[in-house]
Amino acid sequence: QVQVMESGGGLVNPGESLRLSCTISGLTFDDYSVGWFRQTPGNAREGLLCSAWSGATARYSSSGNGRFTISRDNTKNTLYLQMNDLNPGDTGTYFCAAGGPHASGACSNSGHAMRYWGRGTQVTVSS
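Given the structure is predicted, the values throughout are model-derived calculations rather than measurements.

## Let's talk about the overall build of the protein chain
For the protein chain, the helix and strand inventory stands at zero helices and eleven strands. Each helix and strand of the protein chain, ordered N terminal to C terminal, gives the series β-β-β-β-β-β-β-β-β-β-β. A compact globule built from 127 residues should have a C-alpha radius of gyration of about 14 Å, and the protein chain, at 14 Å, falls within 12% of that. In terms of overall dimensions, the protein chain has a C-alpha envelope of 40 × 25 × 20 Å along the principal axes. Expressed as a percentage of its 127 residues, the buried residues of the protein chain come to 44%. Counting every atom, the protein chain has about 6100 Å² of accessible surface; 44% of that belongs to carbon and sulfur.

So this is what it looks like as structure tokens:
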């Protein structure tokens, strides 16, 4: 039984920061590519950042222009998304997902190859 659980979302003022966490159980975390996606109002789901199982990192067009950073702690089966200098355009639902074990090309903007998805955590940036 694979469980994907995002946390850390909330309401923040413009210019503030958040760190989202994603804990995945039921699989060997080190063997999986894991990534962050989001869906903002009126738009389709878009990829942000992806950490491949091989150690590479993929950055996509909606990754926050350098304001966002992905990291993973394999000892805790946890993926992180550090988001700095947030603005109202960052408001949306943020999702964590994992691909298949040792899968080639699991990281993509669309996330179509991802097998396991969390329910998402809401981020609202407003004054």
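So much for the structure itself; the text now carries on.
## Here we look at the state of the cysteines
On inspection of all chains with the given rule, the structure shows two disulfides. Here Cys-22 is linked by a disulfide to Cys-96, with a sulfur-sulfur distance of 2.0 Å. A torsion of -75° about the S-S bond marks the disulfide between Cys-22 and Cys-96 as left-handed. Placement of Cys-22 in strand 3 (residues 18-25) and of Cys-96 in strand 9 (residues 92-101) is noted, with a sequence separation of 74 residues between them. Neither residue differs from the other here; Cys-22 and Cys-96 are each classed as buried. Disulfide pairing places Cys-50 opposite Cys-107 at an S-S distance of 2.0 Å.

## Quick word on the pairing of strand 7 (residues 68-73)
If a strand is regular, its side chains alternate between the two faces of the sheet. Here strand 7 runs beside strand 8 (residues 78-83); their pairing, made up of six bridges, is antiparallel. In the sheet register, Ile-70 faces strand 8, and the bridge partner there is Leu-81. Between strand 7 and strand 8, which pair antiparallel in sequence order, lie four residues; one of them, Asn-77, sits at a positive phi of approximately 50°.

## With respect to the sheet that holds strand 3
Strand order in this open sheet of four strands is 1-3-8-7, and the pairing throughout is antiparallel. Edge positions in the sheet fall to strand 1 (3-7) and strand 7, since each has one partner strand and no second. In this sheet, neighbouring strand axes are inclined to one another by 15° on average, regardless of whether the strands run parallel or antiparallel.

About the criteria used
Throughout, residues of each chain are indexed from 1 in the direction in which the sequence is written. Two thresholds apply to this predicted model, a pLDDT of at least 70 for residue-level local features and 80 or more for giving and counting side-chain atom pairs, whereas whole-chain, interface and lining totals are computed over all residues. Computation of side-chain values: all heavy atoms of the structure, hydrogens and water removed. Numbering goes from the N terminus for both helices and strands, where a helix is a DSSP run of H or I of at least four residues and a strand is a run of E of at least two. Radius of gyration: C-alpha atoms only; globule rule: 2.2 Å multiplied by the number of residues to the exponent 0.38. Using a 1.4 Å probe on the protein chains alone, a residue whose accessible area is under 20% of its type maximum counts as buried, one over 50% counts as exposed, and one in between counts as partly exposed. Here the accessible surface of atoms and residues is derived via Shrake-Rupley with a 1.4 Å probe, and residues count as covered only by protein chains that are part of the display. In this description, the term disulfide denotes a pair of cysteine sulfurs within 2.5 Å. Strand pairing requires that DSSP identify at least two bridges connecting the strands. Axis definition: a line fit to C-alpha positions, over the contact stretch in the case of helices; interaxial angles, taken between N-to-C directions, run 0 to 180 degrees.

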